[in-house]
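Each chain, letter by letter, is given below.
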Amino acid sequence: MQFNSNFNDIAENYLFAEVAKRAAEYSKAHPDKKIIKLGIGDVTLPLVPEVIKALHDGAEDMSKAETFKGYGPYEGYEFLRESIQNYYKAYGVELALDEIFVSDGAKSDLGNILDIFSKDNTVLVPDPVYPVYVDTNLMAGRKIIFANANGENGFLPMPDYTVNADIIYICSPNNPTGAAYTKAQLKEWVDYALKKNAVILFDAAYECFIEDDKLARSVFQIEGAEKCAIEFCSFSKIAGFTGTRCGYTVVPKALEKDGFSANKMWLRRQATKFNGVPYIVQKGAAAVFSEQGRKEIAHNLSYYKNNAKIIAQCMDGLGIWYTGGKNSPYIWLKCPDGMKSWQFFDFLLNNAQVVGTPGAGFGNNGEGYFRLTAFGSEANTREAVARIKSILKK
Ligand code: PLP
């Protein structure tokens with residue numbers, strides 16, 4: 001037996017562990033000081049009442065022989081896929097039901113999708129980046145190249161035709177940078193992918209934060225994307241399902257090459273390795289897109305959006321450069337006074353008792369930047385902002 005030696009190539013997952021360690025050490029040394037955490041990417045508001053009701057109804061169904069459900073369809077129940085189909089239709093994207101696959105969250109499928117692609121593909125990921133794209137490909141031994149996201153391009157790198165890539169990751173609105181591509185910019189990526197015979201793996205986990213019509217909510221709003229893209233989305237951020245676990249993946253039937261169909265391969269892969277998402281959870285997820293569910297989640301989303309605005313306004317007032325804050329729950333700011341990411345982390349912790357996430361943990365280009373999130377409570381966000389202002393005001 002030999003273990004997969006590619007695991008040697010994966011960096012220690014130390015970012016959030018180190019953040020927690022430094023915060024804990026500070027707390028121990030200063031038990032009287034209250035730390036505010038604006039570093040987490042997890043949501044804090046509970047599930048909305050309409051979802052809770054549907055979860056109860058689902059549990060009730062499981063209690064009676066007539067409505068009990070055993071193994072469900074690999075691709076998810078039709079009632080949920082129909083509500084996802086209608087959600088897309090509302091912003092002009094027509095999907096066939098059998099192009100929609102229900103998942104237990106975007107993270108799993110972002111990793112699992114690699115089963116249908118050859119090991120020999122070259123992978124293009126932006127730097128900085130959500131670490132899952134890099135680590136899943138390193139585990140499989142694929143070659144990874146990076147697209148530079150930086151202050152000059154507003155953390156939105158555009159295609160470079162001198163670079164050849166086969167699998168391209170795009171996350172928009174982006175974690176960690178909060179930057180989001182316009183439809184016109186995304187069209188350039190779709191054109192590049194079509195030209196290079198590449199596939200775009202589009203992570204739309206934060207699409208629900210988009211308010212500006214010029215920005216893309218889905219890669220399938222772009223002409224030609226059905227021939228070169230797969231989209232991953234999630235109920236985690238839109239409806240607080242980070243612990244409940246449900247998402248969906250759209251694999252268009254038009255994505256074909258050399259006699260292979262991505263859609264057929266993905267269904268085959270799921271039928272082999274996946275037995276579906278719990279019926280009860282799918283009932284809850286379908287309620288997110290019901291009329292009442294949408295009203296209720298809109299309330300939660302505007303709560304987080306308002307937090308993002310509070311942080312963004314603070315940065316505006318201090319003259320600090322940032323991306324995100326609008327159309328995103330993340331604020332990605334340039335550390336003031338030329339500080340490095342971890343230096344700024346310690347500075348904020350020691351002087352304002354505010355914890356964020358050092359940008360350097362997301363890739364080389366993240367050095368000198370810092371991520372704050374809007375997923376905390378409004379009271380904590382306001383308090384954190386007041387403290388930041390008081391220590392940074394010139
Ligand atoms: N994609 C991005 C960019 C994320 O930031 C996250 C979670 O923070 C996920 C995917 C994971 O989503 P899920 O909870 O659906 O697995």
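All values reported here derive from a predicted model rather than from experimental measurement. (Residues numbered from 1 in each chain as written. Predicted model: local features only at pLDDT ≥ 70, side-chain atom pairs only at ≥ 80, totals over all residues. Heavy atoms only, no water.)

Focus: the side chain of Ser83
Step number 1: Note on placement: Ser83 falls in helix α3 (residues 78–89).
Step number 2: On the accessibility criterion, Ser83 (13% relative accessible area) is buried.
Step number 3: If near-sequence neighbours (up to four positions away) are discounted, Ser83 is found in contact with Ala286 and Phe289. (Helix = DSSP H or I, 4+ residues; strand = E, 2+ residues; numbered from the N terminus. Buried < 20%, exposed > 50% of the residue type's maximum accessible area, 1.4 Å probe, protein only. Contact = heavy atoms within 4.5 Å.)

Focus: the pattern of salt bridges
Step number 1: A full pass over the atoms with the stated rule returns 15 salt bridges.
Step number 2: For the salt bridge of Lys187 with Asp191, the shortest nitrogen-to-oxygen distance reads 2.8 Å. Of this pair, Lys187 and Asp191 both sit in helix α6 (residues 183–196), separated by 4 residues, roughly a single helical turn.
Step number 3: With its nearest N and O atoms 2.9 Å apart, the salt bridge here joins Arg387 to Glu383. Here Glu383 and Arg387 lie together in helix α12 (residues 378–392), a separation of 4 residues that amounts to about one turn.
Step number 4: Accessibility expressed as a relative area gives 35% for Glu383, which makes it partly exposed.
Step number 5: Each of Glu18, Lys21, Arg22, Glu25 and Asp346 takes part in one network of salt bridges that share partners. (Salt bridge = Lys/Arg side-chain N within 4 Å of Asp/Glu carboxyl O.)

Some thoughts on the side chain of Thr122
Step number 1: Among the secondary structure elements, Thr122 is positioned in strand β3 (residues 122–127).
Step number 2: Residue class for Thr122 comes out buried when judged on its relative accessible area of 13%.

Quick notes on the packing of aromatic side chains
Step number 1: Across all of its chains, the model carries 29 aromatic pairs by this definition.
Step number 2: When the centroid spacing of 5.5 Å and the interplanar angle of 10° are considered together, the rings of Tyr77 and Phe79 count as stacked.
Step number 3: Tyr77 sits in the buried class, given a relative accessible area of 11%.
Step number 4: With relative accessibility at 31%, the residue Phe79 sits in the partly exposed group.
Step number 5: With a centroid separation of 6.5 Å and an interplanar angle of 90°, the aromatic rings of Tyr87 and Tyr88 are classed as edge-to-face.
Step number 6: With relative accessibility at 8%, the residue Tyr87 sits in the buried group.
Step number 7: A relative accessible area of 0% places Tyr88 in the buried class.
Step number 8: An aromatic cluster is built from Tyr87, Tyr88, Tyr91, Phe235, Phe241, Tyr248 and Phe289, whose rings are joined through pairwise contacts.
Step number 9: Of note, Lys69 hangs over the ring of Tyr279, and the distance from its end group to the ring centre comes to 4.8 Å. (Phe/Tyr/Trp six-rings, centres within 6.5 Å; stacked < 30°, edge-to-face > 60°. Lys NZ or Arg CZ within 6 Å of the ring centre and 35° of its normal.)

Some details on helix α2 (residues 49–62)
Step number 1: Its 14 residues give α2 an end-to-end C-alpha distance of 20 Å, which sits within 8% of 20 Å, the value for a rise of 1.5 Å per residue.
Step number 2: For α2, the complete set of buried residues consists of Val51, Ala54, Leu55, Gly58 and Asp61. Angular distribution of buried residues about the axis of α2 spans 115°; they occupy a single face of the element. For α2, exposure combined with an orientation more than 90 degrees from the buried face picks out Pro49 and His56. (Expected span 1.5 Å × (residues − 1). Arc of directions from axis to C-beta.)

Some thoughts on the layout of surface pockets
Step number 1: A volume near 1200 Å³ is recorded for the largest pocket.
Step number 2: Along the walls of the largest pocket sit 43 residues, with Phe16, Lys107, Tyr130, Pro131 and Val132 positioned nearest its centre.
Step number 3: Every element with two or more residues in the lining of the largest pocket is listed here: α1 (15–29), α4 (106–112), α5 (131–139) and α7 (236–239).
Step number 4: The space that makes up the second largest pocket amounts to roughly 490 Å³.
Step number 5: Mapped onto the lining of the second largest pocket, the elements with two or more residues apiece are α6, β9 (256–257) and α8 (262–273).
Step number 6: Tallying contributions element by element places α6 first for the lining of the second largest pocket, with 3 residues. (1 Å grid on protein atoms, 1.4 Å probe; cavity = no way out; pocket = protein on both sides within 12 Å on 5 of 7 lines; lining within 4 Å. Points joined across faces, edges and corners; volume = space filled by probe spheres on them.)

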